[in-house]
Structure formats: structure tokens, C-alpha cells
Amino acid sequence: MDYKALDSITVIDIEALGIDSEVAKQLHGSLGEIICSYGNGTPETWHHISKEVLSPDLPFSFHQMMYYGCYKNFGPDPPAWIPEPENALFTNVGKLLEKRGKEFMGSSYSDPLSSFSSFQEFSVSNPEVYWRTVLDEMNITFSKPPNCILQINDSPESKISSPGGQWLPRAVFNPAKDCLSLNENRSLDDVAIIWRDEGCDDLPLKRLTLRELRSEVWLVAHALNSIGFEKGTAIAIDMPMNVNAVVIYLAIVLAGHVVVSIADSFAAREISTRLDISKAKAIFTQDLIIRGDKSIPLYSRVVDAQAPLAIVIPTNSTGFSMKLRDGDISWHAFLDEVKDLKGVEFDAVEQSAESFTNILFSSGTTGEPKAIPWTLVTPLKAAADAWCHMDIHKGDVVAWPTNLGWMMGPWLVYASLLNKASMALYNGSPLSSGFVKFIQDAKTTMLGVIPSIVRSWKSTNCTSGYDWSSIRCFASTGEASSVDEYLWLMGRACYKPIIEYCGGTEIGGGFVTGSMLQAQALAAFSTPAMGCSLFILGDDGSPIPQNMPGIGELVLGPYMFGASSSLLNADHYDIYFKGMPIWNGMLMRRHGDLFERSLRGFYRAHGRADDTMNLGGIKVSSVEIERICNTVDNSILETAAIGVPPQGGGPERLVIAVVFKNPSETSLDLDQLKQSFNSAIQKNLNPLFRVHRVVPYPSLPRTATNKVMRRILRQQLTLEHKTKL
């Protein structure tokens, strides 16, 4: 749509959007005053319009008229939010820079806003100072402090075994202990978790204080000890992210064991794969998952996966709806073994920094998920990102609908509790008005999202009538976002910023993100994450100069606090470093995304450079999907699974290219085949995945070594989609 410039908009134009005549006149008058003061199309103009003219109850079409009208002649990356200097001084980073900015950066330091980019560069070039400072700000404690922050060994052997160096060498600590610790900024009566169950949306919120959380975590840790697990035992969690899941997670870590993260949406085969790779000795789960009036079996899937010892939590207070397998234990029986220890502090098992604390899984390109261990350092990276980029601190209420099976589940635990904030958990669907009301009632200050959730809220208008004014910022990760949907989202909370956040399970957080101290453009990143260096490779394989725009494969500097240094079922060096360019004496780390840096210095993601796609915030390899689709119908010769971005941006849509055994096959109904693909994928891989389209091909394009060229298919399908519009 071609929007008018702001000074061309009339009262009649505003009325045409369904706005009352008197209201339209008032809006037009306010708009005119802002234009007179700040111009017809400047960031300051939009800042004042978003704060003084727009409100959630006005039609979104009016929000669009204002935004696109203001920036009609601005060019790419117009700022949807700009920081206010007086507010910047009260952020975590703002307070730190006001106190120590000149110490860090000398005479070049000016103020938190204008010096933020320099501070990011300082965090990369001075890891010793930066990370000691941030860990101190977060009150991280060590029973044995590290010799240094980063130890780099230049020997040829170490460049292969640990090209990312060693972080916090010789340190001994336990991150779960600090999640539960007291200090001058934290009391036992502080609220640690706020939650509500779906269906109880009109009942008061439930709260767990730090005192109560400590007691529950200690009891579960004692119960784990009573079973006799050796230190470092892998113990899985496969259940929704509710209060019990968080308590169990912290208890496993506190007791010196390793959490195996399994998403509660996985089919039995996927559960079995992850249990086998991790060599888990036990699993915590529920009998059922209740969503609305539906009861979804979970324990039965765990049994079908031939899981080891299962500790099963009943969903209903009346007990289990099925008989437990011989040898499995009910939650109540598990805790009854140590009921006399209730309230007795559990002595945290503290270990060296390189010890494993969590095993998470990310899809590789071979059909088997990569098993990625988090060390004890990784939780500190997650919390530090939240401290710096989302500005999470005591008094905040942090909500992010996710699951412990994905990295954002553990991230949420550490991002909130290590920063002395409250975690907000809704035990139900995030797509419902119940969740929206929960965000209002919990007075959430930081709300994390993925774009598909926002799209659902927008299409159903389920946020209407609810007050999200307590939100200070949003955060978004998992998939590509779209400008219109995120303009709508900002408008629900009186235009608070959206911090785009991109990283990976193997990083434990982000490598590129946004900041409360920088202007934020919609669907774009404003800065590399603190402590991270990133480069965009040009056509010659060398990094494009940092101050130049360009597009290419993104690679990372090797030294990233908390990033993975090993894999359980693959060669870490081969996957992340082998064959990568050396720049300024550093071996670059492979990531695999295509990224663009714009003229204004913003970053935009353009999907995967390899054959891994991103569906609904979940990375999945084409091979995994094709393995299932190839067996759906006997007439199929082969398939190719492609992630195709929609016109205007947004998350990838799954398209299946299919080649029939008989090239002249015309009898097969493509819509019926699409349904069959959906059924098979959702049953055998993930119920959240959905095929958007099925496209027949006479043959698939291949390389000289017979590899399918999915990138060519992606280009063809993207071009075809644009041509049809």
C-alpha cells in the first residue's frame, strides 16, 4: 500500500479507517503539532507520535498510516524506537558506564548512549575486564575463583582441541546455587516464580518466594541423592515448563548432575534418540499434558521410547490415569523418601567450569540431532545477555513461553533467577486470551516471543482490552520476524522496544541482538552481543569491512564466553572450525546463517546458508523431514524439504518438492498428499511442523557428486512466489 506523507493526511483519511469524527479531529490536531515541532518525517517525529498519539485501542491501520507516513522518504531501517537519555542512565549498562565508563574507555567515553558501540568493542578486546565486571555485577560466586577469564594456548594441538580457548580455568562453582542465593539485593521473601494454570484465568496468581523455591529445590536434590546417582549422571526432563519442571531442573544442577533437555512435543522415537545419545539414567515426566479440554498423553510416549527409570508427576490431584510401568516411581513416592529432610539445606555440588550441566539438542544435517553440552560457564552467558541486552534486574517479571527442551527454557531460568528477577510461567497455550491476561495480571516487564505467536495474537486480536503497559521491552528469537507484525506488537505496549535476539543452542545465548541503549529498527539487530565478534564473508571469502554494508555468510570470532567446545556425537572442530578462514590470526567459527549489514549499521537475517531450515523457531534439517516424506506414498521417488520465506518477511514456510516414480503421474491429489505429509511429520517428528505447499518436479537439481541443490530449489520457489503476487 502506498501511504501518504504525514502532512498530506487529512481528517477524512483518518475517519476512513473507522475512527469517530471527533476523535479523528483530535488525532489530526495532535499530529499537526508534532509535525510543526519535529518535522514531517524524522525519528523524533515518530517517537512523539508513538508516545502521544497512538494507543492500543486505535485501529492498527491508523498505526500503519502514522509509521509508514512518517518514514515514507526515510529509506531502509527506520527506527521504531529510540532510547531516551534520562531512562538510559537507569539501565544496567547505563549505570555501569556512568560509574566506570572513563575507566574502561578513557577520554573517548562520552555517555551511555553514544558510547555503547565502543563498550561492545571493549567487551571483545578486553574480556578479562569485561567479564569480571559483569560477573561481579550479577553477584556470581566461586568456591574457587578462576585463574583468569580466558586462557588461550597457541600450541598447534590446542588450536584443534580448543580453538575457542578455555573460559574461567580452575574455577569451581555451581550456577544453581547462585540462582537460590541471598545477598544485599535479595531476600527470602522476594518472589521467584509467578504462575497460573490455564482454565484458572480469573483466579489470583500463584507465587513462589525465594524461601519456598529453595526448600522445594533442596528436597528434590535430597531425593536424587537417595536414589544413589553418581555425580555427573545424565537425568532427562520431558514435561511442560511449569513450576515443577523449574524446581527439578535446578535440583539436578544443584546436585551436580546433568540435565538432558527433551521437548514435551516430541514423538517416542525422538525421545528415544535423545535418551540414547545422552545415556540418561532417569527421566522426569508427567502422565498427561492438559491443554483446554484436551488431555495429551506424555508418559505413554516416554514408555514407548523405552526410557530408563521414570519419575512421573500426576497432572490431576486425584492421581494417575494409567498404571505406571514396573520400576517407575510416582512424584509423591519419590519425595516421600526424604520427607524428613524438608527445609534442610542441600550442600551444592560445586564443580570445575568445564563440567557439563545440561545436554541440549540441535538438528544437524545428517538426520541425527547434535548433542550439545552446556558447561557451567554457559548459564552465565545466558544471564549476562539478559543483564546487558534486555536489562533484566531485580523487580522485573520475565515471561517467555518456551520449554526446557529448547535452549530458551534454561535461558529463562538463568536470565531471571541469576539477575534476581521473577520468572512468569503460564501453564497453558500462549496463543490464548488466558495467556494475554496472565501477562497483564503478572505485570510482566519483559515478554519474550517468537513471530508465529505474535502472528496468532494479531490475527485473533486476543490482546484487545488487556493492559500491557507494565512491559518495558519485548525480546524475540527463533525465526525471522516481519515489520508489520512487530509494529503491531509494539503498539500493544505503548511502543516499547523489541530486542531481536539471534544465537544458538551451541552458544547458550546470542551473537547478534539489540540494546536498550540503541535505536531499534523493526525485524533488525542493532549490535553484536557483548563479548562477541561477528563477520560477514564477501564473495572472496574474506570479511567485509565492519563499517561497510553487504550480505554473505556470517561467521563468528572464536572466543565466545560460554559457547560449546565439544559435542557428544560429532566432531566439534570439524563442524564449527574445519575449513574456516583465519582472520587477524584467529580461526573463524562457522555458524551458517546468511546475514546482511545495512547502510545504517543494522543486521538482518536471511535464513540458513546450509540445508537446515527454521520452522516455528525450531531448527530442523531437510534430511529429517525428507526421511519421513519419502515413505508416505509408494508413488514417490524422492522429496526435498525447503524453507521458503514469505513475501514481506517472516518465518520460513515448509515446501515439499516431490518427484514421482512415474514422471507423468497426474492422478495423485497434491492436497491429499500435503495432508499425508503433515500427518506423518507431525506424528514422527514434531506436531508443530506444517507443510505449506507441495510442488511436483520431474527431477531435483543435483551437484556433480549427486547432492541435492536445495538452495537452487529455494531460489526458484521464492522467485515463483514473488512472481505470482
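Residues numbered from 1 in each chain as written. Predicted model: local features only at pLDDT ≥ 70, side-chain atom pairs only at ≥ 80, totals over all residues. Heavy atoms only, no water.

(A) Molecular detail of the overall build of the protein. Each helix and strand counted, the protein has 24 helices and 36 strands in total. Relative to the globule expectation of 27 Å for 725 residues, the C-alpha radius of gyration of the protein, 26 Å, shows essentially globular dimensions. Overall, the protein is about 75 × 75 × 60 Å in size when its C-alpha atoms are taken along their principal axes. Here the protein, with 725 residues, has 57% of them falling under the buried criterion. (Helix = DSSP H or I, 4+ residues; strand = E, 2+ residues; numbered from the N terminus. Rg over C-alpha atoms; globule rule 2.2 N^0.38 Å. Buried < 20%, exposed > 50% of the residue type's maximum accessible area, 1.4 Å probe, protein only.)

(B) Representation of the sheet that holds strand β34 (residues 636-644) within the structure. Across the sheet, which stays open at both edges, the three strands sit in the order β34-β35-β36 with mixed pairing between neighbours. Each of the sheet's edge strands pairs with one partner strand only, and the pair in question is β34 and β36 (691-696). Strand-to-strand, the axes of this sheet are offset by a mean angle of 25°, without reference to chain direction. When β34 meets strand β35 (residues 653-660), the two strands line up antiparallel, connected through eight bridges. If you follow Thr639 over to β35, its bridge partner there is Val658. Its contacts with the sheet place helix α22 (residues 622-629) against β34 and β35, and it is angled at close to 145° to β34. (Pairing = 2+ DSSP bridges. Axes fitted to C-alpha atoms, helices over the stretch in contact; angles between N-to-C directions. Contact = heavy atoms within 4.5 Å.)

(C) Layout of the packing of helix α3 (residues 43-52) against helix α4 (residues 60-70). Their axes nearest at 10 Å, the elements α3 and α4 cross at an angle of 170°. For the element pair α3 / α4, the angle class is roughly antiparallel. As for how α3 packs across α4, the hand of that crossing is right-handed. On α4, the residues that touch Thr45, Trp46 and Ile49 of α3 are His63, Met66, Tyr67 and Cys70. (Parallel < 35°, antiparallel > 145°, perpendicular 65-115°, else oblique. Left-handed = near helix turned anticlockwise from the far one by under 90°.)

(D) Structural context of the pattern of salt bridges. Evaluated as defined, the whole model comprises 21 salt bridges. Across the pair Lys206 and Asp197 runs a salt bridge whose closest N-O atoms are separated by 3.7 Å. Taking the shortest distance from any N to any O, the salt bridge between Asp396 and Arg472 comes out at 2.9 Å. With a gap of 76 residues between them, Asp396 in the loop between α16 (378-389) and β17 (397-399) and Arg472 in the loop between α19 (451-460) and β20 (473-476) connect regions that are remote in the sequence. According to the relative accessible area criterion, Arg472 is partly exposed, its value standing at 27%. What you see here is one network of salt bridges that share partners, running through Arg196, Lys437 and Asp441. (Salt bridge = Lys/Arg side-chain N within 4 Å of Asp/Glu carboxyl O.)

(E) Fine view of the nonpolar core. One finds Phe119, Leu168, Leu213, Leu250 and Trp411 to be the most contacted residues of the largest nonpolar core, which totals 104 residues. For this core, the element with the most residues is helix α12 (residues 243-254), which contributes 11 residues. For Leu250, the contacting residues outside a window of four places in its chain are Ala176, Cys179, Leu180, Leu213, Val217, Val413 and Leu417. (Core = buried A, V, L, I, M, F, W, Y, C linked by side-chain atoms within 4.5 Å.)

(F) Region of the structure containing unusual backbone geometry. You will see that Arg170, though not glycine, has its phi angle at about 70°, which is positive. The exposure class of Arg170 is exposed, given its relative accessible area of 56%. At Lys420, a residue that is not glycine, the phi angle is positive and equals roughly 65°. The residue Lys420 is located in the loop between α17 (408-417) and β18 (422-427) in this model. A relative accessible area of 10% places Lys420 in the buried class.

(G) View of the packing of aromatic side chains. On inspection of all chains with the given rule, the structure shows 29 aromatic pairs. Relative to Tyr68, the ring of Tyr67 lies with its centre 5.1 Å away and its plane at 80°, an arrangement referred to as edge-to-face. Note on Tyr67: relative accessible area 3%, which makes it buried. Take Tyr68: its relative accessible area is 25%, and that puts it in the partly exposed class. Plain terms: the ring middles of Phe284 and Trp331 are 6.3 Å apart, the flat faces sit at 75° to each other, and that makes the pair edge-to-face. Of this pair, Phe284 sits in strand β9 (residues 282-286) while Trp331 sits in helix α15 (residues 331-336); the two residues are 47 residues apart in sequence, bridging distant segments of the chain. Phe284 sits in the buried class, given a relative accessible area of 0%. (Phe/Tyr/Trp six-rings, centres within 6.5 Å; stacked < 30°, edge-to-face > 60°.)

(H) Expanded view of helix α18 (residues 433-441). Taken together, the buried positions of α18 are Gly434, Phe435, Val436, Lys437, Phe438 and Ile439. Lining the buried residues of α18 we find β5 (191-197), β17, β18, β19 (446-449) and α19. Taken from the residues just after α18, Lys443 is the one with a positive phi, measuring 55°.

(I) Main features of the UniProt feature "transmembrane region" (unreviewed entry) in the protein. When the UniProt feature table is mapped onto this chain numbering, "transmembrane region" (unreviewed entry) sits at residues 246-267. Annotated as 41% helix and 18% strand, the span residues 246-267 places its first and last C-alpha atoms 22 Å apart. (UniProt positions renumbered as here; feature names shortened; annotations may be inferred.)

(J) Seen up close, the side chain of Ser422. With respect to the helices and strands, the residue Ser422 is situated in strand β18. Owing to a relative accessible area of 10%, Ser422 belongs among the buried residues under this scheme.

(K) Just helix α13 (residues 268-278), in detail. In terms of burial, α13 is largely enclosed, as eight of its 11 residues are buried. Of the residues flanking the end of α13, it is Lys279, one or two places downstream, whose phi is positive at about 60°.

(L) Quick look at the domain arrangement of the protein. Entries for the protein in the domain assignment read domain 1 (6-74), domain 2 (172-568 + 576-594) and domain 3 (611-723). Relative placement of domain 1 and domain 3: their C-alpha centres are 43 Å apart. (Domains from an automatic or database assignment.)

(M) Broad picture of the side chain of Ser362. As for its position among the elements, Ser362 is in strand β15 (residues 356-363). Excluding residues within four positions of it along the chain, Ser362 makes contact with Pro369, Lys370, Ile372 and Thr505.

(N) Structural detail: the environment of Asn358. Looking at where Asn358 falls in the secondary structure, it is placed in strand β15. Judged by its relative accessible area of 0%, Asn358 is buried. Sequence separation between Asn358 and Ala236 is 122 residues, and the spatial gap between their C-alpha atoms is 9.4 Å. With near-sequence residues (within four places) excluded, Asn358 lies in contact with Tyr249, Val258, Val259, Val260, Ser261, Ile372, Pro373, Trp374 and Pro410. A polar contact of 2.6 Å, which involves the side chain of Asn358, links it to the side chain of Tyr249. (Polar contact = N/O pair within 3.5 Å; in protein donor to acceptor, adjacent residues only side chain to side chain.)

(O) Representation of the pairing of strand β7 (residues 234-238) within the structure. Of all five residues in β7, five are buried, a share of seventy percent or more. Across the two faces of β7 the burial is the same, with Ala234, Ala236 and Asp238 and Ile235 and Ile237 all buried. Here β7 pairs with strand β8 (residues 258-261) via four bridges, running parallel. For Ala234, the partnering residue across the bridge sits in β8 and is Val258. Traced from β7 through α12 to β8, the parallel crossover comes out right-handed. Here β7 runs beside β9; their pairing, made up of four bridges, is parallel. For Ile237, the partnering residue across the bridge sits in β9 and is Phe284. (Right-handed = clockwise from strand over helix to strand, strands pointing away.)

(P) Here's a closer look at the environment of Pro543. With respect to the helices and strands, the residue Pro543 is situated in the loop between β26 (534-536) and β27 (550-556). What makes Pro543 buried here is its relative accessible area of 12%. For the pair Pro543 and Pro581, spaced 38 residues apart in sequence, the C-alpha separation works out to 9.3 Å. Residues within four places of Pro543 in sequence aside, it is in contact with Phe535, Ile536, Leu537 and Trp583.

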